[in-house]
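Chains, contacts and geometry: an overview
Each chain, written out:
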Amino acid sequence: MTQRRLAEVAAKVGVSEATVSRVLNGKPGVSDATRSAVLTALDVLGYERPTQLRGERARLVGLVLPELQNPIFPAFADVVGNALAQRGFTPVLCTRTAGGVSEADYLELLFEQHVSGVVFAGGQYAQADASHEHYRRMIRRKLPAVLVNAAVDDLGFPRVSCDDAVAVEQAFGHLVALGHRRIGAVLGPSDHMPSRRKLAALMLCAEAARIELAEEHAMFSLEGGHAAATRLVKRGVTAIVCASDPLALGAIRAVRRQGLRVPHDVSVVGYDDSAFMTCTEPPLTTVRQPIEAMGRAAVELLANQITGRSVAAEELLFEPELVVRSSTAPAPAPR
């Protein structure tokens, strides 16, 4: 390593260049904490480790997200990043984009960086029809990981999820209590596992209330919500339950484009309670995911795996909370 890079690593860690040199050359006289900090600094700065040190994992943790446009994901990244920092880990944010780096490609990059583990939120594990081979490679490499929210079966990782069934029971019950009998749902793609769970629970709720449920599937975007909700409004629904807040905002736009009003003609319920939902017009009634508790639980499960503790490949379910604002109202009188 050049003298300039040696100095850069030393400055990053706050130790002398001699100490960095001792770590790189595998010499004694350096504490485990300092040694780990030097190796992590190498990874963060993008410098290759010496050959004899490449087999060791850095105190880096991959945080793989599907997007940052939905405000729930930056909020989750903030919770996870803070919880990781408190345990001495540095998060490496990987965000998938259409036509960009794939989840499997990001995982290859994380392998090269010798990360200690990975937290996935909203990844391909939640899509029944997607490839899951890269998760199985992680299992073979014994790389610790935690999956956030519903996943396909048999991947073998611990999971932290918001209880989708309870979420839709709260939303549906709220709308039925307001007198709605024609209720629609805007869900994610048909192979999306959380949406499948929501649909199964909604169908049970509708059967118990003797209400016919109208459902539409869409991509997770404002535009997707708009298109799906337009079809539901034309079918005569008076209330719409959505699988995300952006879908709900698209639904509100669709109602207005049909010359109707929210909530006077059509009530809309979102899901997530992401940032700024109090600032929409009208303020959005939504189901809040407990991302603070979920994020900290995900980091604790990951840290336990990293330190060699036994962690069962089970799912922890967290209770959501219905937040009633102004996008829902009593059902309109029949025309």
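Residues numbered from 1 in each chain as written. Predicted model: local features only at pLDDT ≥ 70, side-chain atom pairs only at ≥ 80, totals over all residues. Heavy atoms only, no water.

Here we look at the pattern of salt bridges
In total, this model carries 13 salt bridges according to the counting rule given. Glu216 is the partner of Arg231 in a salt bridge, and the nearest nitrogen-oxygen pair spans 2.9 Å. Taken together, the residues span a long stretch of sequence, with Arg231 in helix α9 (residues 222–234) and Glu216 in strand β7 (residues 213–217) at a distance of 15 residues. One network of salt bridges, with partners in common, ties together Asp273, Arg288, Glu321 and Arg325. (Salt bridge = Lys/Arg side-chain N within 4 Å of Asp/Glu carboxyl O. Helix = DSSP H or I, 4+ residues; strand = E, 2+ residues; numbered from the N terminus.)

A look at the sheet that holds strand β1 (residues 60–65)
The strand order across the open sheet formed by six strands is β2-β1-β3-β4-β5-β11, and the pairing between neighbours is parallel. Each edge of the sheet is formed by a strand with only one pairing partner; in this case those strands are β2 (90–95) and β11 (315–318). If you compare each strand with its neighbour and ignore which way they point, the axes differ by 20° on average. Alignment of β1 against strand β3 (residues 117–121), held across four bridges, turns out to be parallel. What sits directly across from Gly62, in β3, is Val118. (Pairing = 2+ DSSP bridges. Axes fitted to C-alpha atoms, helices over the stretch in contact; angles between N-to-C directions.)

Observations regarding the sheet that holds strand β10 (residues 285–288)
Spatially, β7-β6-β8-β9-β10-β12 is the arrangement adopted by the six strands of the open sheet, whose pairing is mixed. Because the sheet does not close on itself, it has two edges, and the strands there are β7 and β12 (321–323). Taking each pair of neighbouring strands and ignoring which way they run, the sheet shows an average axis angle of 20°. Across four bridges, the pairing between strand β6 (residues 183–187) and strand β8 (residues 239–242) is parallel. Of the residues in β8, the one forming a bridge with Val186 is Cys242. Packing against the sheet, helix α7 (residues 164–177) makes contact with β6, β7, β8, β9 (267–272), β10 and β12, and its axis sits at approximately 160° to β9. (Contact = heavy atoms within 4.5 Å.)

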